[in-house]
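Descriptive structure summary
Listed below, chain by chain, are the residues.
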Amino acid sequence: MLLAGCDRWIEGEREMGGEAVKSVGELQKIIDITRIAVERCDPPLLWAVDVAKCLHETGLEIPSLELGQTLVECVCGKCANPALLWSYLDQSMATHLVSSFHVLGLLTSRVVPNRLQYPEMYMMYIELTGTYAFSLGSTKSMQSCGRVIAAVDESLQLSLSSGIQVLKLGTSVVHFLFSLVWMLVDATSEDWGLPPSRFDKQSKVAGGASYGLQSQATQETPSEVEMELEGKQHEEREQMRRNNSLGAIELVAKILENKKTAALLRLSKKHLLDQWNVFAQRLQLLETLTHDASSTAPKVALEALRRLAGSMQRGLHQIWTPKQLPAVRILVETSSCTWSFGNSSGVGRAAGWLPFDILMEDAMDIRRVLSTSIVETLAETVKSLQAIQDASWHDTFLALFLSALRLVQREREPVEGPKPHIECRLCILLSVVPLAAAAVIEEEEKSLACRLPGQENSCVGTADEKEWASGIRRAALISSLQILGQFEGLLSPPQYAAVAAQQAAVAAGAFVAGVSGGNGNCEGMSTGDANAGNTAGGNLWHLLVEACIARGLIDTSAYFWPGYTGSSGSSMPHSVSSQSSPWSAFMDGAPLTGPLKNSLMATPAGSLAELEKVFQTAINGQEDERAAAASILCGASLLRGWNVQEHVVHLVVRLLCPPAPPDSKGYSHLMSYAPMLLAPLNGLISMDAVHILSLYGMFPELAAALMPICEVFGSISPAAPLTTSTGEDVSVLWLFSLAFLLLIRLWNFHRPPVEHLLLGMGAPLGSDRCPEYLLLRRNVQSTSSMGSPLDKISKDDQMSLKKVQSVGSSLPQGTKTSAQASCPSSAQPMTLDSFPKLKAWYLQHQACIASPLSGLVRGDPLHQVTDRLLTMMMRKMGKGGSVPTTPASVSSAGGDDAGGRPLLPAWDLLEAVPFVVDAVLTACGQGKLSPRDLITGLRDLLDLLPASLATIVSYFAAEVTRGLWKPASMNGTDWPNPAANLLTLEAEVRDMLAATGVNFPSTGSAYGNAPVTLPLPLAAFVSLTITYKGEKLSDTVLGVCGPALESAAGSSPWPSMPIVGALWAQKMRKWHDFIVFSSSQTIFKQDKNAVIQLLRSCFSVTLGSTSTSLSKLTTHGGVGALLGHGICSHAASAGRHPVAPGILYLRIYPALHDVMFVCEEILTLVVKAARDLASLGAEAEIVGASVKHGSRLRSVQPSLATTIARLTEAATLGASLLCVSGGKPLVQLLYSETLPTWFLSGGRTNEKPFFSKRGRCGLLDGFALARFALLSGAFVWGVSQSKEGQCGGAYSSFNGSRRYALHIHMEFLAGVLDGDIALGCEQATWKAYVVAFIGLVVSCAPSWILDVNVNTLRRLAIGLRMWHEYDLAVALLENGDPATINSAAEFILGC
């Protein structure tokens, strides 16, 4: 029979019945026409005309599903003239009588599994597929498209093999192409000697279910077929099989080289990652097989695989270059270049990394508690900048280290006062930066661990895969550290770290020289020894290397780097080996006596084992050693233990929540830990200690640990002080006060009512921090915590910890590890309802802020406590009758001590404090109480309960903003007089701001001869604070009172803050410069124009540009001009250095009531910078053209690289300032409102742009805005797909803010591209922005696209295609989530 396969298929259709019987007649006609044509050997075109006429007469659809099925059965059946039938099939596909997708899907499942039996058919299949595999989109227009998809799915089992229901054309084509290339590779692998893969077996099973070659193969085995052939014919078939195997590889390469099919395969690679990994492994095995002499692979197989590898690298590596906007391509490519490190101060191209400097410097504001760990923020910034800059990891890590070194060396006066907080700056350099680098490296190594073994060595991997496989991040860190020693100007250690630097250098020298007895840390070396070993060259480089070694980032081979140890280790002092470390004595079991305790407090721990033991001693040791151990842990180990600091901060917080015995209820067990708890609370008085905890994001955990302490000890009567076994008394009120004052410093308790009202949407989440917010953050962190930092330690440290546990003489039986010693309820959610006393005080605190005091009822317990406190205060004043009181009746809660002070629990006293302060301030305002007696009485109240300072501060701050009090005359009689230095201080403020570029009118002449005044509450407030000069509690007082005093004075009319500053300057003369700096910040709080001037100054000095000079554009600026230069760059001269504008802005923006206006102003400055650059180039062109020898004068025109570097610098600066100013809310505003408004309004700025004839201004505007928008989003959202890294499972958005902002912004872009929105800006600007922004997102932050709606992505792609940006449109759709696979595929197919 000529068409035996078709006849059998027709019989099968008849047996099925139903709808199949109706089309049997029509199919029979087509078969008859084909049979007659084969008998007559009709040409394909004539056959196609007859078939088309038949289809038209029978009413069948063209392209015809039935015709395709019929022809496939015909060519796969036994036929006298198969070549002619294949030509008919080719003609039908060429004339669109059948669907190419349908026919190829059916043929693939029938021909490929039977390629060895029928090599001629396989050869024709390869040729046919190589012609029509690139035109699969025509099926979309078929009415029976769904049936085609179902038929291909059933034939190849696409849904079964992928686990995804294939219902749409685009998805089906993607899965088909992937199945096709996999089957072709598997077929070649099997032909060359590899066993069939699971996918190949599935295809054979699928093929056996239909009428075709598989059924025929069961009837006629390969051996029977071969026996019919003889000699030469057999050899020809063998050669055909070998050629077919190579042809299959060439077909796969051809598919990968085609733009459309390569894009479709990229979609499958992205969304079928597991299957692609197996496919890549199969390719690697195939490559290995070609080197095996026993394989049947032809000699040219290796060359074919190399061509395939090249095709894969070109086809699967996404490349986008703008077509219609070549200038945008130049801009994007030029902006992503590495930079030279010849200028360590951050000038020029190095200024592209200034976000590192700004982020670190912003974290140094010790008055603010950071809402998140700076380690996490810095790690995300590192990844974002590396991706956006397209820089090497070597350059990225080197930039990170240089920024941290500049932070340490940067001028700290007058920003931080006479007590610079160098501990926090060194914490950033030696602990935070190595931890951030470790997080970045760990992400890569986790990704490598998730890969299949050996895959990275294959020649068929993509370029991106090979880069990942090389593990370059750790190597880049090592190389960047190694050359860091060349930056000698930044490595000089501050005096605070000089001894530690010498110790590190000496330890390295001892290691290299092989000195016996050296412990690597040289903890026992004294300052004299360090100075004696000065030739060892100890500097910050040595400390940083030691910090990296301690965290396992590098090993001790770093000691052998050229120049690291100087000449040799012979310069090490002889006493190093003989003088033992106090920690060694402690680890050997020495008791914590006075001398050893003092030495341990002054010497930081050098290992986790030492920390573990001292922590266990504080929790489970003998009672007389607990407090000493806690003090040691909060001493030098917290402030200077840079190698283990991330562990110390966790242990310090755990000290405040000791474990409860099994039979205890609530938090009553804290009573027995009172002496131990007092030690860490005393250690945390330091502002540096609290800020170091906040740098690690520990403030929610710290707050959760302090709340139970306050609840318990605030409810205990001080009548009977707690007594330890050693006979030492612990003051309950003092312990409570320390914990309470530390707790309230963690949220903005001092904000007056006006600031609460103005916060609204104008401040980031947490700006109005409260106890509920702290507990919420703590609960979230506890839920998402991956374990203790002690769980992520090196093997050596784990062995050391085991040794500690084996020391039975130093710790009691049953000692737990630090991870086990945490509070049992640490994993349980905590709410404010768990602390009723604290909640009652907080509600009263909120009520006092919201409205004047009321509700005091005569005779109730609260009134009695108020009277007793007033009586105590009046007794010291000698004004017993001046303030009306009721007869004092002793409360049942307790009596008075010998000094007449009430012995009441702290919570009872705190509840009465607002009414007490209100009573004495009212009496003072009415003249019944002198200001001196008022301050004396308040000091007596603070002496009784230091925690009342919080309530006093809150009351004064709230009353200042209400404006209900008469002014107090600061005449020097009743209140202190600031006249002696007020005018001088205001002049210094004005001069300092003028040097920064901010001008404001002088108000000194307004004083005249009249005495200056302050609101009465503010006068009392400042008078109270200046009485604390030089006392032990000064850090706590400054931490509580400082922000509140600045806020209250800033909310009052000018010159309230200069008056307050003048009074403080009279008392603290060494703080004069710091006071001037602090006083200047009030200007910005009251005048938005001053903020705008300051922002303009930041841009001007960073870019080195002015309105009158063109030469300064490329000769000045950078990070040093923005944030100040290092100590080494200062010239020794008399007088005060001007404050850098960037430093001033970073200190004033937290005080702004509403920062939303900053967004528009920064955008305006970025555009202005772009237009200045465009105008500069245009002016240079005009000058050059107007002179005969213009070619020489054109050299004044900046090069394109210089222009783009400056433009990128402006966008980076703007994004950095925007993100530190308002975080996510401000960036969300930029995307959803500011940028759309700018485009709709025509892109107006205050200055008219200078347009060049080439439209340079529009292009630079668009690119600058795109870069600015991308950087702003990257700094707050990151560019990573998930915090869990590459092995983190299913995708989860970085946060909801990104999804919302991107949705709004992308919808706006799509609406304009659809023609629904009319713009007012230049078309060149708009096109440059859209192409550059989407191109940067695709290249640098593809994970953002996952947050954009599928329909929005498709509309954007259509708009880009209208601009002939087809590659960019495809790249945009490729990076969508799995739901976009169909839309992306149909777009690629042109459907």
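Refer to the structure above for everything that follows.
First, a word on scope: everything that follows refers to the structure included in this document.

Section: the overall build of the protein
The helix and strand inventory of the protein stands at 65 helices and four strands. Of the contacts made within the protein by residues no fewer than 6 positions apart, 79% connect residues no fewer than 24 positions apart. Total accessible area on the protein is roughly 53700 Å²; 54% of this is exposed by carbon and sulfur atoms.

A word on the packing of helix H16 (residues 259–271) against helix H64 (residues 1366–1374)
Where H16 contacts H64, the two axes come as close as 10 Å, and the packing angle between them is 20°. The angle between H16 and H64 falls in the class roughly parallel. Classified by chirality, the crossing of H64 by H16 is right-handed. Along its contact with H16, which presents Lys259, Lys260, Ala263, Arg266, Leu267, Lys270 and His271, the element H64 presents Tyr1366, Asp1367, Val1370, Leu1373 and Glu1374. Taken together, the residues of the contact of H16 with H64 break down into five nonpolar, one polar and six charged.

Brief notes about a nonpolar patch on the surface
Together, Phe511, Val512 and Phe560 make up a nonpolar patch on the protein surface, roughly 270 Å² of accessible area in all. Tracing the backbone through its elements, the reader meets Val512 in helix H27 (residues 498–513). Taking relative accessible area as the criterion, Val512 reaches 31% and is therefore assigned partly exposed.

A look at the packing of aromatic side chains
Each aromatic ring pair is specified by the distance between its two centres and by the angle formed by the two planes. On inspection of all chains with the given rule, the structure shows 37 aromatic pairs. With a centroid separation of 5.1 Å and an interplanar angle of 90°, the aromatic rings of Trp276 and Phe279 are classed as edge-to-face. Note that Trp276 and Phe279 are positioned in helix H17 (residues 273–290) at a spacing of three residues, about one turn of the helix. Taken individually, Trp276 and Phe279 each receive the classification buried, so the pair is uniform in this respect.

Looking at unusual backbone geometry
For Cys41, which is not glycine, the phi dihedral falls at a positive 55°. By the element assignment, Cys41 lies in the loop between helix H3 (24–40) and helix H4 (44–58). Positive phi outside glycine occurs at Gln157, with the angle close to 55°. When you line up the elements, Gln157 lands in the loop between helix H9 (145–156) and helix H10 (158–162).

Description of the side chain of Arg551
Here Arg551 is to be found in the loop between helix H29 (540–550) and helix H30 (575–578). Among the polar contacts listed, one links the side chain of Arg551 to the side chain of Glu646, at a separation of 2.8 Å. Residue contacts for Arg551: discarding those within four places in its chain leaves Leu430, Ser431, Pro434, Leu435, Trp642, Asn643, Val644, Gln645 and Glu646.

A few points about the pattern of salt bridges
When the charged atoms of two side chains with opposite charge come close together, those side chains can pair. In the structure shown here, the tally under the stated rule is 35 salt bridges. The residue Arg115 makes a salt bridge to Asp191 at a minimum N-O spacing of 3.0 Å. Taken together, the residues Arg115 in the loop between helix H7 (100–111) and helix H8 (119–132) and Asp191 in helix H11 (residues 169–191) connect sequence positions 76 residues apart. By the burial criterion, Arg115 is buried, and Asp191 matches it. The salt bridge involving Arg425 is made with Glu361; its shortest N-O contact spans 3.2 Å. With Arg425 in helix H23 (residues 422–449) and Glu361 in helix H20 (residues 354–362), the pair connects residues that are 64 residues apart, well separated along the chain. Look at Arg425 and you get buried, because its relative accessible area is 1%. The structure contains a network of salt bridges with shared partners spanning Asp357, Glu361, Arg406, Arg410, Arg425 and Arg1147.

Rules of the game
Residues numbered from 1 in each chain as written. Predicted model: local features only at pLDDT ≥ 70, side-chain atom pairs only at ≥ 80, totals over all residues. Heavy atoms only, no water. Helix = DSSP H or I, 4+ residues; strand = E, 2+ residues; numbered from the N terminus. Contact = heavy atoms within 4.5 Å. Areas by Shrake-Rupley, 256 points an atom, 1.4 Å probe, with all protein chains shown as cover. Axes fitted to C-alpha atoms, helices over the stretch in contact; angles between N-to-C directions. Parallel < 35°, antiparallel > 145°, perpendicular 65-115°, else oblique. Left-handed = near helix turned anticlockwise from the far one by under 90°. Nonpolar A, V, L, I, M, F, W, Y, C, P; charged D, E, K, R; others polar. Patch = residues over 30% accessible without salt bridge, like charges linked within 9 Å, V, L, I, M, F, W, Y side chains within 5 Å. Salt bridge = Lys/Arg side-chain N within 4 Å of Asp/Glu carboxyl O. Buried < 20%, exposed > 50% of the residue type's maximum accessible area, 1.4 Å probe, protein only. Phe/Tyr/Trp six-rings, centres within 6.5 Å; stacked < 30°, edge-to-face > 60°. Polar contact = N/O pair within 3.5 Å; in protein donor to acceptor, adjacent residues only side chain to side chain.

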